[in-house]
Structure formats: structure tokens, C-alpha cells
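Here are the chains, one letter per residue:
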Amino acid sequence: MKQSLSRLFGLNEKQQEEVEVSDREEIRQLPVADIVPNRYQPRTVFQDERIEELAQTIKTHGIIQPIVVRERDGKFEIIAGERRWRAVTKLGWETIPGVVKEFNDAQTASVALIENLQREGLTSIEEAMAYAKLIDIHGLTQESLAQRLGKGQSTVANKLRLLHLPQEVQDALMGRLITERHARALISLKDDEKQIKLLARIIEEELNVKQTEEQVKRMIEPKPEKKKPIRKGYSRDMRLAMNTIRQSLDMVAQSGMELDTNEEENDDYYQFTIRIPKS
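Residues numbered from 1 in each chain as written. Predicted model: local features only at pLDDT ≥ 70, side-chain atom pairs only at ≥ 80, totals over all residues. Heavy atoms only, no water.

You'll find the protein entered in an unreviewed UniProt entry as Nucleoid occlusion protein, with Alteribacter keqinensis given as the organism. Word for word, the UniProt comment on the protein under Subcellular location (unreviewed entry) is "Cytoplasm, Nucleoid". (UniProt positions renumbered as here; feature names shortened; annotations may be inferred.)

**Here we look at a negative patch on the surface**
On the surface, a cluster of negative charge is contributed by Glu168, Asp171, Asp191, Asp192 and Glu193. Residue assignment for the negative patch shows that the elements contributing at least two residues are α9 (167-174) and α11 (192-205). Inspection of the secondary structure puts Glu193 in helix α11. (Patch = residues over 30% accessible without salt bridge, like charges linked within 9 Å, V, L, I, M, F, W, Y side chains within 5 Å. Areas by Shrake-Rupley, 256 points an atom, 1.4 Å probe, with all protein chains shown as cover. Salt bridge = Lys/Arg side-chain N within 4 Å of Asp/Glu carboxyl O. Lys, Arg positive; Asp, Glu negative; His and termini not counted. Charge placed at Lys NZ, Arg CZ, Asp CG, Glu CD. Helix = DSSP H or I, 4+ residues; strand = E, 2+ residues; numbered from the N terminus.)

**Notes on the side chain of Thr123**
Of note, Thr123 is situated in the loop between α5 (105-117) and α6 (124-138). The class of Thr123 is buried, set by a relative accessible area of 3%. Excluding anything up to four places from it in sequence, Thr123 contacts Leu173, Met174 and Arg176. (Buried < 20%, exposed > 50% of the residue type's maximum accessible area, 1.4 Å probe, protein only. Contact = heavy atoms within 4.5 Å.)

**Examining the pattern of salt bridges**
Inspection of the entire model under this criterion finds eight salt bridges. The closest approach of N and O atoms between Glu263 and Arg246, which form a salt bridge, is 2.8 Å. Separated by 17 residues along the polypeptide, Glu263 in strand β6 (residues 260-265) and Arg246 in helix α13 (residues 236-254) bring together distant segments of the chain. One salt-bridge network, held together by shared partners, links Arg70, Arg72, Glu77 and Asp105.

If you want it as C-alpha cells, here you go:
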């Protein structure tokens, strides 16, 4: 799979084979201090416990596969094997076995990106960054990138949309504080301030995806305006008549007779209903 993908991204079979170390190639002991990470490395978060586990394995069994580097500005830039280099650095070793290749920027980037995209553990934002770099390096469209990766165009598009989120949201994705589905829900808000505000709630209140989507919906839908009660005006004569009737009813009630009264307002008239018990 790696070989077929590499050919699709500009590496022919010979160049792809050069990424692998052959028995005929010279393996050198490279100074650890002179090695720098691959500038195109999509993986920006390395879990310390995983590096520690690898360091202990290397300490016990040594390095089975040397790293692959290229010379760049007086340093050795890693093409493949950054986790091994980090583990050796943690062990305090001064040198690490490696093979020096002659790769240009596009080839170096393609190898690093493809190698990591085929491994598990990348965060969704790291994957999105890798897609964006491949598009930039090879001048691709989202559709053509999707075809080369064997993925749906919508999958690639959804990942790339994450790069339009505020940096605070991207950092939360990088740190695995929220999931990709949380982030995709935030995209609908289309306002950095609202996205950051809701992000804080998601983390603080540990909102799940469904709860987040409900909050987004509430923030998007306009609040219904409260209708003010319509107060109808009455003429002076009508007010006088109404008050006279009410006063008369009060006088009857004060005499001890129980009345059943009801007032009803209609468009054209105001109605009093009076029921006087016979007994």
C-alpha cells in the first residue's frame, strides 16, 4: 500500500525503495545532537509514555532499523524514524545508526506525510494538516487528493474544514480534549468568539457530542420575540358605563345576594353576563 501511494505522490519505485535501508548501504553513527526533526512531520504530539516504552525496548534490544536522514543546512534532517531518535535522545545516547539519503523537499515531505497517514494515532487536526501540505506540495484539489488516498471527497473536505477553526479549538483537538465530532459541531457557529465560548463549556461541563449539537442549535436559532399585549383604548362614555355597571353589581353583592358575573371583550363590544340565582 505504501509503495502504491508513494508512486501516486511523486515517488517512483526506485525512490520509494531508497526510503528502505538495503544491506548494501552504509550505516553511519550519526551524532544525536546534529539531528533535527522533519519539518514536514505531521505528528506534532508525541506521547511520552509511548516514547518511554520504545526507549526501554531499544535499551534492551538495540536499534534494529536505522533512521533515514538527509543533509540540510549542516544538520541531518529526519526523513523516517523520528520516534526512534526521540527514544535514543531520552536514553542519553550520543549517536544513533542512520543512513543519509539525497531527497528533495517534495520527496521528503511526501514520505513523512504518507508514512504517518498510514499509521494510527494521528489526531484529526494533524491529519488535516497533512492533507493540506500534500495539496500544497503537489498542487492537488481536494477531489484528486481523496482519489489518491482512496478516501471519500467529503472525508477530506471535513478534515480540512477543521483548519478554519480558531487556534484554541485546534489546540483542544491536538490535545484530545475534544473529539472531531465536537469540532465539526462548532464549525456551524461560524463565529470565533462563540466557538471559543462553547469550547470552554464543552471542556468544563464535559458535554458529549449530542449536548454540544443542541447548544449550537440554540445559539444559531433566533430567540422568539415576546409579543407585547395589545391594549385597546376605550371611550370616556364606555368607561363610565362599565364602571357604573360594576358599581351596581358591587352594591347588589353587598346586600347579601350572590351573583354569577362574567366580563368578555369582543372586537365590537364589551359584554357583561349576569346570573341571578332564583333561590
